[in-house]
Structures are given as C-alpha cells and as structure tokens.
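Listed below are the residues making up each chain.
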Amino acid sequence: MRALTVSTPPPATTVSDVLVLGGGIIGAVASWRAACLGLSVTCLDPSPGSGATWAAAGMLAPVTEASFGEPDLTALCVDSARRWPAFAAELEHASGLDVGLAESGTLTVSYDQGDAQEAGRLHALHGMLGLASERLTLAEARVREPFLGSRLSAAYWVSGDHQVDPRATHRALMSIIDGRPGTRSRVVRSAAVRLVRSPAGEVVGAVDATGATHAAGLVVLAAGADSPGLLGAVPEVVVPTRAVRGQTIRLDSRGVPEFGLQHVVRGTVQMRPVYVVPRPGGEVVVGATSEERTDHRTPAGSVYALLRDARALVPGVDELDFREVTTGLRPGTPDNVPIIGQTDVPGLAVATGHYRNGVLLAPLTAAAIDALLSGDDALTSALPAALASADPRRFSCVGAHA
Ligand code: GLY
C-alpha cells in the first residue's frame, strides 16, 4: 500500500498586546476598547456573536430585571443603562452603523391575580431601590399601548427600561475589530482551548483549537459559559460561570401593518415570565425561557409556552410571520454578578459571567476595560463602587486572596 504523506504547515502564531478569548458582545467590546487605546488585539472565537449575543433580545432593563437580594447587580445595571446613549453614539460614530437603540420605555403587565401580587411585590422593591416604576390602571395602560390583551390584572410603566439590537451592536463592533485597515485588531475564527503560562507563572497567551499559539501581554477571558474549561493551567483562578439555557423567538411584523406595538411589554402569565420586544424595523422578539441546562436543545414545549404566554399579553403576535427560534446559553455566576477585572495571576483579566445582562452591561464593562488597560486613575474613580462586587478574586481559591 502506498504510504500517504500529509504535510501540515506549522501553526500560525500571533503576538498582540491584548488577546481576548471570546467574541460575543463582551469580548467584542473588550477588543474594541483595547483597539481604541491603540493596542494590538487578537480576539479568538470560532463563531463570534453566535452564542448568547445572538439569542439576546436586547432589553436594557435595570428596573424590570431587578430582583430581590441583588442590590449590587442592580446598581451595576442602573449605572450601565445610563451609559448606553453615549456608548451607542460612540460606537455608531466609529463604525458608521446603526445599533438600534430605542428609548421607548417598558410596560409590565400581569395576567391573573397571582401575577398581579408578584408585580406588586416587585413594585415595592423598585420603591425601596429608588427605581422608577409607575402603577397604571388597565385603561391607562391600554391608552399607552393599545395592543395589550383583554385579560390582564395589573400594569406598570417603567420609563427608564429601553432596548437595543444586540445583533446590530455586535455587527458594529466586528466592523471595527475584525481587521479594519488602519487598526491593529483582528478576529481569529478558532476556539481557545487552553492558557499558556511562563515559567514564572504569568499568563502569556493561549493555544487555539488548531494548535496555534497566540501570545499577548494581557489575556482577557471573555468566553461566557465556556470560561471555566479554559483555566486548567491556572487552577488558582476560579471563574465559575455556568450555562443557563434560554430560547428566544423572532417574528416579523412587516407583513402586518396593523400591528403597531410601540413598547417593550413584559410580565408574567401564571408566574411564567415572558417579554415581547418590538423593534423599529419590524422584528419582534419574544423571550425567554430560563433553564438550568447546558445543551443547545430547543424543546417544542418551550417554544409553545413562549408563544402561548406572549399572545396572552399581546394577542396580535398570533398574526406575525414566524422567522426563527434561537437557543443560547447565558453565562450565569453563583451570585448573578458578572466577573470583571484583573485576577491575582499577572497577565490574566476576566470579563464574563454577565448572565441575563450582557447587552445592558456592555458600556460599563467597556469603561472597566478602559480603566484596566489604561491604568488611568481618573477612569477608575469614575466607575461605580458596586463594581467591587464583580471582582474576579471573590471566587479565588481559599487563601489566594487576602
Ligand atoms: N435579559 C433577559 C434574558 O436573559 O432573558
């Protein structure tokens, strides 16, 4: 038998100031900010933006996402929501692309009396946290949003919760970081598999799935739910993200001109949360399931339940054209707070674990990355005090962090 000779070229190696592992919205933001500082950047991701970012509805909802026992997370979300208009303007200016920020407010509605009781509890929480949410009569709610269903039991107006298009935002980021002439930033479409350490223990790069090594002065771990698997060589850094599966459904209202939903509508239907996000271009996103599952399955029952609950709040969704179901894995953390900052290991920083708020927290994460990379004290002191709750070292091995 003739021997088959396969000659494999040696793996390419990149050398950058900053290597970002993960090209979802957070990794792309980290890469953009590094590029803005004039640093050379490599971002590693086999399919940038195809994970949680692709599934996300893009609600910027510090109020309607606020939950009991999470004051630090709420403070971070409130801070980041305030930063969104300037962040969107800067990104749109830099990319020349629209990111679809719509500051149109959110209506929360309840289906039955149990849902109304739950909404009342959350309204009281909003009051305690100083978050603006206003009780409406159902008649007032229908004046504001005539497309609400007929069987509702309570309504609130949340003027400060808005929305943006996550896919458009990611496209804008990629247009800047993915090899734009004149920048020293590139996206390598391969998955990181492990970190590389120097004999002294610093993190000095990563190896990707092709075996290529990517050296850098600083590695930013932004790999969402995949982050723990990359830390085998760095056991003293613990990044305990876990996958929380969610499905979103995309509908198209362009063929139904009489459907004119203007605001994000969210609420609970017999205690099951659901939201309907109408975009100015006609896309309507319905979301989202929340399941402690790590696979990408899309159970038919989850899709059925989402549509059933969405049409209970906004019956007109029945008429819209069905486009897609997307399943994504949110990167949850043990305390639901993201993990952002320098680790105790030189050369390794983290920006991940944004759970339900990756899109909302993008501007604050950008500001934290700016401060980290520049070392500018003025930028650091402009960050909210609650960002201390996102310190990666809170999960480090016992004794590793004084
Ligand atoms: N931010 C909404 C969700 O994760 O479903």
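Criteria and cut-off values
- Residues numbered from 1 in each chain as written.
- Predicted model: local features only at pLDDT ≥ 70, side-chain atom pairs only at ≥ 80, totals over all residues.
- Heavy atoms only, no water.
- Core = buried A, V, L, I, M, F, W, Y, C linked by side-chain atoms within 4.5 Å.
- Buried < 20%, exposed > 50% of the residue type's maximum accessible area, 1.4 Å probe, protein only.
- Helix = DSSP H or I, 4+ residues; strand = E, 2+ residues; numbered from the N terminus.
- Contact = heavy atoms within 4.5 Å.
- UniProt positions renumbered as here; feature names shortened; annotations may be inferred.
- Phe/Tyr/Trp six-rings, centres within 6.5 Å; stacked < 30°, edge-to-face > 60°.
- Near = heavy atom within 4 Å.
- Polar contact = N/O pair within 3.5 Å; in protein donor to acceptor, adjacent residues only side chain to side chain.
- Areas by Shrake-Rupley, 256 points an atom, 1.4 Å probe, with all protein chains shown as cover.
- 1 Å grid on protein atoms, 1.4 Å probe; cavity = no way out; pocket = protein on both sides within 12 Å on 5 of 7 lines; lining within 4 Å.
- Sits in = over half its atoms within 2 Å of the grid points.
- Nonpolar A, V, L, I, M, F, W, Y, C, P; charged D, E, K, R; others polar.
- Points joined across faces, edges and corners; volume = space filled by probe spheres on them.
- Axes fitted to C-alpha atoms, helices over the stretch in contact; angles between N-to-C directions.
- Parallel < 35°, antiparallel > 145°, perpendicular 65-115°, else oblique.
- Pairing = 2+ DSSP bridges.

## Some thoughts on the nonpolar core
Line of reasoning, step 1. Among the nonpolar cores identified, the biggest contains 50 residues, and Val 20, Trp 84, Phe 87, Leu 91, Val 220 and Leu 387 are the most heavily contacted of them.
Line of reasoning, step 2. Elements represented by at least two residues in this core include exactly strand 1 (14-21), helix 1 (25-36), strand 2 (41-44), helix 3 (71-95), helix 6 (166-177), strand 11 (213-221), strand 18 (348-352) and helix 8 (362-374).
Line of reasoning, step 3. Element by element, the count of residues in this core is highest for helix 3, at eight residues.
Line of reasoning, step 4. Apart from the residues lying within four places of it in its own chain, the contact partners of Leu 387 are Leu 76, Ile 340, Leu 364 and Ala 368.
Line of reasoning, step 5. One finds Phe 259, Leu 261, Val 274 and Val 317 within the second-largest nonpolar core, a separate group that totals 28 residues.

## Focus: the UniProt feature "domain: FAD dependent oxidoreductase" (unreviewed entry) in the protein
Line of reasoning, step 1. Here the UniProt feature "domain: FAD dependent oxidoreductase" (unreviewed entry) sits at residues 17-369.
Line of reasoning, step 2. Between the C-alpha atoms that bound residues 17-369 the distance is 14 Å, and the span itself is 28% helix and 29% strand.

## Observations concerning the packing of aromatic side chains
Line of reasoning, step 1. Under the definition given, this model contains three aromatic pairs.
Line of reasoning, step 2. Their ring planes at 80° and their centres at 5.7 Å tell us that Trp 32 and Phe 87 sit as a pair that is edge-to-face. Of this pair, Trp 32 sits in helix 1 while Phe 87 sits in helix 3; the two residues are 55 residues apart in sequence, bridging distant segments of the chain.
Line of reasoning, step 3. When its relative accessible area of 6% is taken as the criterion, Phe 87 is described as buried.
Line of reasoning, step 4. Ring centres 5.0 Å apart and planes at 75° place the aromatic pair Trp 84 and Phe 87 in the edge-to-face group. One end of the pair is Trp 84 and the other is Phe 87, both in helix 3 and three residues apart, which spans about a single turn.

## Things to note about the site of the ligand
Line of reasoning, step 1. Taken together, Met 59, Glu 65, Tyr 275, Ala 288, Arg 330 and Arg 356 form the complete shell of residues around the ligand.
Line of reasoning, step 2. One of the backbone N or O atoms of Arg 356 is found 2.7 Å from a nitrogen atom in the ligand.
Line of reasoning, step 3. For the ligand, whose accessible area on its own is 200 Å², the fraction buried by protein is 88%.
Line of reasoning, step 4. Among the detected pockets, the ligand sits in the largest pocket.
Line of reasoning, step 5. Classifying every residue of the shell around the ligand gives three nonpolar, no polar and three charged.

## Quick look at the layout of surface pockets
Remark: the empty space left among the atoms is shown by a probe the size of a water molecule rolled over them.
Line of reasoning, step 1. Volume-wise, the largest pocket comes out at about 1,000 Å³.
Line of reasoning, step 2. Around the largest pocket, the lining is made up of 50 residues, and of these Gly 51, Ala 52, Thr 53, Leu 329 and Pro 331 lie nearest the centre.
Line of reasoning, step 3. Counting residues per element, the lining of the largest pocket draws most heavily on strand 16 (residues 321-332), which supplies five residues.
Line of reasoning, step 4. Split by residue class, the lining of the largest pocket holds 24 nonpolar, 21 polar and five charged.
Line of reasoning, step 5. As for the second largest pocket, its lining consists of 40 residues, of which Thr 64, Leu 122, Arg 266, Thr 268 and Pro 273 are closest to the centre.
Line of reasoning, step 6. Those elements that place two or more of their residues in the lining of the second largest pocket are strand 4 (106-110), helix 4 (113-129), strand 13 (264-269), strand 14 (272-278) and helix 7 (300-313).

## Thoughts on empty space enclosed by the protein
Line of reasoning, step 1. A full pass over the atoms with the stated rule returns two cavities of 30 Å³ or more.
Line of reasoning, step 2. One number sums up the size of the largest cavity: a volume of about 60 Å³.
Line of reasoning, step 3. Together, 10 residues line the largest cavity, and Glu 236, Val 237, Thr 343, Asp 344 and Ser 396 are the ones closest to its centre.
Line of reasoning, step 4. Its residues placed into classes, the lining of the largest cavity shows five nonpolar, two polar and three charged.
Line of reasoning, step 5. Forming the boundary of the second largest cavity are Pro 62, Glu 65, Ala 66, Ser 67, Glu 70, Leu 73, Thr 74, Cys 77 and Asn 357.

## Looking at the packing of helix 3 against helix 8
Line of reasoning, step 1. The contact between helix 3 and helix 8 brings their axes to 6 Å, and the two run at 90°. The orientation of helix 3 relative to helix 8 falls into the category roughly perpendicular. Residue-level inspection shows Leu 76, Asp 79, Ser 80, Arg 83, Trp 84 and Phe 87 of helix 3 in contact with helix 8, the latter providing Ala 362, Pro 363, Leu 364, Ala 366 and Ala 367.
Line of reasoning, step 2. When grouped by side-chain class, the residues that make up the contact of helix 3 with helix 8 number eight nonpolar, one polar and two charged.

## Comments concerning the sheet that holds strand 16
Line of reasoning, step 1. Taking strand neighbours across the sheet as the criterion, the eight strands line up as 5-6-4-13-14-15-12-16 in an open arrangement whose pairing is mixed. Looking along the sheet, the strands with just one partner apiece sit at the ends: strand 5 (134-136) and strand 16. The sheet shows a mean angle of 20° between the axes of neighbouring strands, taken without regard to direction.
Line of reasoning, step 2. Two strands pair when backbone bridges link them, and strand 5 and strand 6 (residues 154-158) are joined in this way by three bridges, in the antiparallel orientation. Bridge pairing links Glu 134 to Trp 157 in strand 6.
Line of reasoning, step 3. Sheet contacts for helix 4: strand 4, strand 5, strand 6 and strand 13; angle to strand 6, the most-contacted strand, approximately 30°.
Line of reasoning, step 4. Its contacts with the sheet place helix 7 against strand 4, strand 12 (242-252), strand 13, strand 14, strand 15 (283-287) and strand 16, and it is angled at close to 70° to strand 14.

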